[in-house]
Amino acid sequence: MSNFKLGSFYPISEKYSKRVAYFSMEFAIHQPLKIYSGGLGFLAGSHLRSAYELSQHLVGIGILWKFGYYDQLRHQDQTMHAHWSEKHYSFLEDTGIRYTIKIHDADVWVKVLYLAPEVFKTAPLFLLSTDLPENDYVSQTITHRLYDANEATKVAQYILLGIGGAKLLDILDYDAEVYHLNEAHGLPAAFYLQNKLGSKEAVKEKLVFTTHTPEEAGNEKHSIYLCEKMSYFCGLSLEEVRSLTGIEGDQFDHSLVALRYARLANGVSQLHGRVASEMWGHYPGTCKIISITNAQNWTYWADKQLYRFFNQGEDYLLDDRKKYLKKRAFELVADQTGKIFDPKILTIVWARRFAGYKRADFLLQDQQRFLKLIENTRYPVQIIFAGKPYPMDYAAIGTFDRLVNESKKYKNVAVLVGYELTLSKRLKQAADIWLNNPRVPREASGTSGMTAAMNGGVNFSTHDGWIPEFINHGHNGFVVPAADYHHMQPHQQDEYDLNQLYAILENQILPTYYDEYDTWRQIMKNAMRDVRYQFDSNRMTHEYYEQLY
């Protein structure tokens with residue numbers, strides 16, 4: 001038996017005393033803890049940091065991925081290589097807690113590791129693992145790779161997070177008043193609670209859900225028979241499941257069922273909340289969807305020196321600090337690519353997960369204008385690309401590799417590997433322009449631009465996600481004016497966006513940076529000011545308590 005007691009909570013604020021359990025497949029808390037892939041994890045990490053700062057009564061439930069997501073390395077020709085290696089963490093505490101859950105009708109042993117609040121200044125985080133000698137090899141692999149490509153393994157991961165997490169709360173005697181699912185991965189917790197509490201109404205009182213996907217195709221569906229075979233429904237018969245969830249066909253839609261089991265749900269930007277409400281509103285039995293816009297933790301992400309000089313009105317020192325940050329980041333560029341970048345030159349950074357709709361290679365789609373931009377001596381630019389594609393998304397990997405090969409032709413274009421928390425921070429410090437050009441309305445929120453602004457980067461984006469709530473064009477950033485995208489084919493949308501993107505770059509951004517630097521600095525300062533409170537995750541976690549919990 002384990003002697004572990006969840007005693008090491010920080011003093012809880014009365015305002016936030018409601019007990020919450022926050023379920024997420026990934027958490028990006030700090031560089032050494034490699035259990036995240038991208039935006040969902042970055043959000044969850046900031047959430048736990050802000051819960052700590054505001055003394056909220058919240059615990060995180062996640063999974064300890066033995067091989068992490070993957071290490072992004074290079075082949076001999078510099079193209080991308082996905083590498084998996086074991087990770088070890090001396091700062092996680094083995095709670096000694098061991099218990100079993102049913103997966104595929106068999107007992108699977110679970111062990112529990114604990115990240116204490118004082119290690120990285122976060123809310124308490126429990127990480128589950130099946131990597132135990134008591135389990136057979138197939139059961140051990142459940143917690144090997146985040147978002148495993150094998151369908152059955154993926155369903156098993158959801159069962160571990162949901163049922164394993166809910167059972168752990170009972171073992172810990174943590175009587176959660178709210179079960180918050182960050183995305184639908186942890187949905188099996190609802191079926192565990194259904195058994196425990198006896199009615200759907202009782203589960204609904206406790207369950208809330210955050211959806212991150214602005215389109216139905218992005219919401220995962222699996223065969224309802226596979227889910228049943230895997231013990232996803234916690235022993236409930238298929239007839240009971242159909243009557244409780246309203247699923248009639250063969251495909252089990254996780255997000256739809258989460259919306260039917262939750263008391264309340266939220267989208268992750270004002271725009272996304274509206275899109276999600278329209279998308280799901282015609283399905284009977286779904287809950288209301290409100291909007292709580294994503295944010296990032298200022299304490300962790302922002303460059304404090306920049307803000308100090310900004311608050312003191314020291315423009316000269318502010319400029320000096322930004323140049324220093326660029327120079328420091330360019331050491332990494334030189335190390336990886338053998339290219340020496342100049343801190344005085346306008347630097348454009350495109351860095352985030354590689355996915356088709358995010359259009360990483362968008363600027364290169366007009367080869368003539370791209371060359372003109374790259375070879376401009378009056379208004380020179382430097383461009384950095386970085387980001388990790390999903391390791392089985394061969395189209396996205398193809399885009400990454402194509403950029404690597406294209407970049408070999410130019411001294412002022414670099415593609416970096418290893419886009420994780422540390423590199424992310426450095427590239428935001430390197431950026432004069434943080435470029436974000438997803439196809440509208442595919443980006444539910446996007447948060448990378450928030451942390452770029454916290455480091456003196458100016459956002460230049462299409463009109464999607466959180467951007468409409470932030471950018472005032474020419475005042476604190478630059479935005480492609482929204483067209484009637486609804487009535488456009490993808491190729492028309494691409495053509496429109498690309499023309500606007502180049503026009504704004506050539507006619508507004510470059511002349512302002514080089515000919516009117518005082519105006520440029522003011523835009524940068526306006527962005528630093530506007531992002532400071534509105535898009536700090538302390539605002540967001542407060543809103544979760546006020547509006548969702």
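This text follows the structure it describes.
Residues numbered from 1 in each chain as written. Predicted model: local features only at pLDDT ≥ 70, side-chain atom pairs only at ≥ 80, totals over all residues. Heavy atoms only, no water.

Observations concerning the overall build of the chain
No. 1: The secondary structure content of the chain amounts to 20 helices and 19 strands.
No. 2: For the chain, whose C-alpha radius of gyration is 24 Å, the value lies close to the compact-globule estimate of 24 Å for 549 residues.
No. 3: Seen along its three principal axes, the alpha-carbon backbone of the chain occupies a region of about 70 × 50 × 50 Å.
No. 4: Taking all 549 residues of the chain together, 62% fall into the buried category.
No. 5: Look at the contacts in the chain between residues 6 or more apart in sequence, and 74% of them connect residues 24 or more apart.
No. 6: Taken as a whole, the chain presents about 20800 Å² of accessible surface, with 50% of it coming from carbon and sulfur.
No. 7: Here the chain contributes 59 positive and 64 negative side-chain charges, whose respective centroids are spaced 4 Å apart. (Helix = DSSP H or I, 4+ residues; strand = E, 2+ residues; numbered from the N terminus. Rg over C-alpha atoms; globule rule 2.2 N^0.38 Å. Buried < 20%, exposed > 50% of the residue type's maximum accessible area, 1.4 Å probe, protein only. Contact = heavy atoms within 4.5 Å. Areas by Shrake-Rupley, 256 points an atom, 1.4 Å probe, with all protein chains shown as cover. Lys, Arg positive; Asp, Glu negative; His and termini not counted. Charge placed at Lys NZ, Arg CZ, Asp CG, Glu CD.)

A look at the packing of helix α4 (residues 151-172) against helix α5 (residues 188-197)
No. 1: The geometry of α4 relative to α5 is characterised by a closest axis approach of 7 Å and an angle of 40 degrees between their N-to-C directions. By the criterion of interaxial angle, the relationship of α4 to α5 is oblique. Every pair of crossing elements has a handedness; the one defined by α4 and α5 is right-handed. Residues Tyr158, Ile159, Gly162, Ile163, Ala166, Lys167 and Asp170 of α4 form the contact with α5, whose own contacting residues are Pro188, Ala189, Tyr192 and Lys196. (Axes fitted to C-alpha atoms, helices over the stretch in contact; angles between N-to-C directions. Parallel < 35°, antiparallel > 145°, perpendicular 65-115°, else oblique. Left-handed = near helix turned anticlockwise from the far one by under 90°.)

Describing helix α10 (residues 270-280)
No. 1: What α10 keeps buried is the set His272, Gly273, Val275, Ala276, Met279 and Trp280. Seen from one end, α10 has its buried residues packed into an arc of 165 degrees, which puts them on one side.
No. 2: Against the buried residues of α10 lie β11 (251-253), α9 (254-261), β12 (264-267) and β13 (289-291). (Arc of directions from axis to C-beta.)

Looking at the packing of aromatic side chains
No. 1: Per the stated rule, a full pass over the model turns up 41 aromatic pairs.
No. 2: Taken together, a centroid distance of 5.5 Å and an interplanar angle of 50 degrees make the contact between Tyr89 and Phe91 tilted.
No. 3: Residues Tyr379 and Tyr514 carry aromatic rings whose centres are separated by 5.8 Å and whose planes lie at 15 degrees to one another, so their mutual orientation is stacked. Of this pair, Tyr379 sits in the loop between α14 (367-374) and β15 (381-386) while Tyr514 sits in helix α18 (residues 490-515), placing them 135 residues apart in sequence.
No. 4: Assessed through its relative accessible area of 25%, Tyr514 is described here as partly exposed.
No. 5: Here the aromatic residues Tyr379, Phe478, Tyr513, Tyr514, Tyr517 and Trp520 are joined through ring pairs into a cluster of three or more.
No. 6: Over the aromatic face of Trp298 sits the side chain of Lys304, whose NZ or CZ is 5.2 Å from the ring centroid. (Phe/Tyr/Trp six-rings, centres within 6.5 Å; stacked < 30°, edge-to-face > 60°. Lys NZ or Arg CZ within 6 Å of the ring centre and 35° of its normal.)

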